[in-house]
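Topology and contacts: notes
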Amino acid sequence: MKNRPLPNIEARIRDVVVATGIGSVVTQLLTIREFLSLLNGNELVIALILFNWLFIGAVGTLLAQPLGKNPSVRKLWAASLALVILAPVQLIAIRKLYGLIFVGGSSVGFYPTLMYTFATTAPYALLIGFVLPYSLIVLRKHIPGYSGTRIYVFDNMGDVCGGALFSFALIYFATPFQALAASHLLLVAALWGGYRTSYPKASRWIPAAGTLLALLVLTGALAWEIPTLRPGTGRLAFYQETPFGRLRVIQDQDQTTVFQNGRPIFFSKNPGAAEAAVHYPLAQVADARRVLFVSADQQMMAEALKHQVAAIDYVEIDPALTRVEQRFGLLAQHPAVTAIHQDGRQYLQQTQKHYDAIVLNLPEPDTFQINRFFTKEFFALVKTRLTDNGVLSFAVKGYDSYVSDVELEKISTIYHTARQVFPHVLMMPGTRLFFVCASRPLDPDIPTLLAKKNISTAYISGYFYGDIPLEKIQGLNQLISKTAPVNTDFSPHLVRILLDEWFRVFSASPNVLILLLAIINILYLWYISKEEFVLYTTGCFTMGAEILVIFAFQIFFGYIYLQIGLIVTVFLAGLLPGAILSDYLKKFATPFLITGEIVLTALMIVFLAGITRFPEFMTGSSFLVFGFFVSLVCGAQFPAALHLAGSGRPAAIRLFSADLMGAALGTLVTSIFLIPYVGILWTAVALIALKLISLTVLKMSR
Amino acid sequence: MKPVSRRQFIQKSALTLAGSLVPGALALAGTDHASPSAPAGITGRIFKNTAPNRPWKWSRPADHTVPYSDKTLMCGICPHNCLLNSGDRGICRSRVNIDGTLYTLAYGNACSVNIDPVEKKPLFHFKPATRALSIAAAGCNFRCLNCQNWQISQVMPEDVRFHTLFPEQVVAAAMEKKAVSIAYTYSEAITWFEYMMDTARQAKEKNIANLWISNGYINPAPLSELCEVLDGANVNLKTFDDAVYQKLNGGRLAPVLNTFKTLHKKNIHFEITTLVVPGYVDDAKMIQQMCKWIVDHLGPDHPLHFLRFFPQYKLDRLPPTPVSLLTQFRQIAMDCGIRYVYVGNVPGHEGNHTWCHGCGKLLVERNGYFLAQNNITDGCCKFCGTRIPGVWG
Ligand code: SF4
């Protein structure tokens, strides 16, 4: 079949590029959520998923050059169609292959995680990386000299729309497969529009069949939603996607278990955990009137009510979780209990109430989000909300008969941090290690304290002295390291320590990956041009800045889903006007590029000064404005670099991939190494230094 | 795991047509838990060239070594029978071949030392309400995904903090603390066999009982030697399914069953523990077969403990065991003829207590590790005089 002259080729390819952007961003967000439901959701895993995606995308982009020798619209259509089909297949593969490769119900370590996320996302990410530059190649075949910037702009338009569609609409109303179908319909329509006209009438059954196939796969995949979520044991009684993750309720005989993102968080008939969480702190308070729980279940409430408390406030960020607990009898309504749906830290900042006990029931602080509840600043905030005799209590994973060095570092860090604020910190070691903090002495003899209050228990009365003898508490106190760091909002040491602990559990070390990354990046940097280097550092800077902004925002305002969605969106939204502006001013590409470097550096300095020196001026919108301007400059740099590098095909492809490579590295390095190891201040300084290096390279090579 | 039926498969495949062929094939592979097609086993591997250059203070030449060729040796302690070249370290991490001699690196370096109630082991028919000096050195020949003591079982002896406690010092500590027994526990004592044996011999001389808390994965010869000094044991029967043994624990079923037979033959008091892991060790038929085997080969008198599983270590994405399932398994075991069946990790369950197999009356009422009442006198039921199996004096 001979290629027919194609009417309105630019519009058709533009539609496909925009629609591909929408579909790919939704697929990416769903993929991250999918992995977080299957794998450990620590900061490293989140970064790894993003890294893989961006890195493979960069490789796919580079492949467009050798594979683009004989470009054709039909090949572009076929590749885009393959994307539509691959999106649901990828999701099903992620869910189903886990049980094939790993032991069901188990967590896996660092390298299996790396390999699994890499292998399952590679086909889609490779193709998505390939399609964008290939679109440009095809366009240039038909319209020689077609601007690479325009393709970049179209892609960004799609990305912004996709991000907004997912964060503000699909997340609330659609399951993953429904979201995939909805977000890809536009691409199917765009493909049908273009595909049809590229074939002679007699052969139009080919595009028709292709489109039909894509539609069938998208709609057919809907049938896999529930079967792929069923547990290996028990019955899936409930399932819902919420902005905070995936909720599943599994019922097995007389037991109901609530899973959040693949982890069992609440289950029935668990008196031991409920008693420990409640009585270790409340036994210390002679007359507890008002208690605050940050996340809890019915068993904890029931134990707290044994202390004759007048009021229990229960803060839970995800209202869906409360509803699920209530529906399945894990949280009964009680006149003394008030549910508050808000971020726990934000609530404490806003409330004027004072509590006799504040009980945190949180996951391990292995993400920036949870780390906020284990910092000196947070403890200081809690102290202002406690009565004079009030106590704070929280727990982390503990140990049975031996505490490893890395666990000791974790415990020591938490202990030292709490001691900065509370003169008395009692540690109760067990499989969960409880910390009880107060401004006055605390008594470790919980059974005696409970006996004085006439409170009967099932676990504590019989097991406490055997499980937590006084020698064990004293032994732990003697082991506490004197040199452990203090965990602060801006220096989240605990995240690093918990990553170390994770590596220790799986007898792994990240060194091989670090070495590999270093080699790849050094080789890559050796070969790239100065313009690519600028985009590489800008990609790195932008992702680093985005992670920094989300991290800092949560410290200031709490985890507010919609606003964080907005931050992610503004980091995409600036790209578009930036690119358009720069395209108009391409005559001044070099000064434009240099100015961009200076502006990015200045923006980061202003941001740093704002969060450290003038926090009172940091409103929510200041974070958005910062994000928008960073992405604006980032968006403006691409056309300028493209103009300087020459508008030929290889230059555009190499610049696309430099941006992605930089973004991949920025994601990993910022969240895994910089923030946890050197804190927010030095991370910002490192990003500034990166831009200064890039500026120097640019200046020197002029 | 619930495999997708052929009809369901055809339905779904019809829906998704060609595009769903890949997912369709995957669907046959299983769901997210307990998939039969998941990896066959997690047995550990020998650590090549990781032995220290020379033995340290806490070493001694290993027992039960079989020369193989030149400087290659076979460790004969457990059924892994590690074949170690010079410089290699066994699967358990605590035994190394240094220049043609097999050494244990876990001798006198106790990394966990506690005084525990004997009920915590759990041993319900061995000198109730007494205290056991419980010690462990580093090392284990299994790789259980739900290990409670991974910090000492899955590391090299050189990588943990420890107390220098050679056998005579362990015995002295037990006497000082007035412990009735010494429990070799927490990690896997089989892998620090020499340390356990030498301590146990000295303890016996001082009339201190020796308790072995183990996975039972030991070869017959060292087991026979051990039986000479043993007073009681709690051995895990992790499942009655060899495939699950390989998948969750990195061991095999048959050698463990042989251990039970030997202990029984040698008249050692032992109790059996099975952790009921949802999706893996929760098949009633399998439990019935297991209990029948126990009655047929070991008799009805060895207490059996069903423990409730809680998500931990690497197996942290499973729900806990339903309490009703434990109750059901207890009933199955009693129906099979096992006289003393307990439910653990469930405070307040009637399976926490001991009921006379003769008259059915409550013999020992337990509130956790405490005894609320004890109606056993001279090893017999106070009400009907039936002899209760165990070591009571
Ligand atoms: S005791 Fe250790 S070295 Fe010996 S066979 Fe078993 S695993 Fe191998």
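Residues numbered from 1 in each chain as written. Chains lettered and ligands numbered in written order. Predicted model: local features only at pLDDT ≥ 70, side-chain atom pairs only at ≥ 80, totals over all residues. Heavy atoms only, no water.

Residue and element names in this part refer to chain A. Here Asp343 is to be found in the loop between β7 (337–340) and α11 (344–350). Take Asp343: its relative accessible area is 4%, and that puts it in the buried class. At 3.0 Å, the side chain of Asp343 and the backbone nitrogen of Gln346 are in polar contact. Within the local environment of Asp343, its side chain forms a polar contact with the side chain of Arg372, the two groups lying 2.8 Å apart. Beyond its immediate sequence surroundings of up to four residues, Asp343 is in contact with Val315, Ile317, Arg372, Phe373, Gly558 and Tyr559. (Helix = DSSP H or I, 4+ residues; strand = E, 2+ residues; numbered from the N terminus. Buried < 20%, exposed > 50% of the residue type's maximum accessible area, 1.4 Å probe, protein only. Polar contact = N/O pair within 3.5 Å; in protein donor to acceptor, adjacent residues only side chain to side chain. Contact = heavy atoms within 4.5 Å.)

Turning our attention to a nonpolar patch on the surface. Residue and element names in this part refer to chain A. On the surface, a cluster of nonpolar side chains totalling about 660 Å² of accessible area is made up of Leu515, Ile519, Leu523, Trp526 and Tyr527. In this structure, Leu515 sits in helix α19 (residues 511–527). We classify Leu515 as exposed; its relative accessible area is 55%. (Patch = residues over 30% accessible without salt bridge, like charges linked within 9 Å, V, L, I, M, F, W, Y side chains within 5 Å. Areas by Shrake-Rupley, 256 points an atom, 1.4 Å probe, with all protein chains shown as cover. Salt bridge = Lys/Arg side-chain N within 4 Å of Asp/Glu carboxyl O.)

Let us now look at the packing of helix α21 (residues 561–573) of chain A against helix α24 (residues 620–645) of chain A. Residue and element names in this part refer to chain A. At a minimum axis separation of 7 Å, α21 and α24 run at an interaxial angle of 30°. It follows from the interaxial angle that α21 and α24 lie roughly parallel. The two elements α21 and α24 cross, and the hand of that crossing is right-handed. Contacts between α21 and α24 involve Leu566, Ile567, Val570, Phe571 and Ala573 on the former and, on the latter, Leu624, Gly627, Phe628, Val630 and Ser631. (Axes fitted to C-alpha atoms, helices over the stretch in contact; angles between N-to-C directions. Parallel < 35°, antiparallel > 145°, perpendicular 65-115°, else oblique. Left-handed = near helix turned anticlockwise from the far one by under 90°.)

So, on to the pairing of strand β14 (residues 269–276) of chain B. All names here are of chain B. Summarising burial for β14: seven of the eight residues are buried, a large majority. Relative to β14, strand β13 (residues 232–236) runs parallel, the two sharing five bridges. Looking at β14, one finds that Ala233 is bridged to Phe270. In the sheet, β14 pairs with strand β15 (residues 304–308) via five bridges, with the strands oriented parallel. When the bridges of β15 are listed, Val276 appears paired with Arg308. In the classification by handedness, the crossover that spans β14, the intervening helix α9 (residues 284–298) and the parallel β15 is right-handed. (Pairing = 2+ DSSP bridges. Right-handed = clockwise from strand over helix to strand, strands pointing away.)

Everything listed here is a matter of geometry and, on its own, says nothing about what the molecule does.
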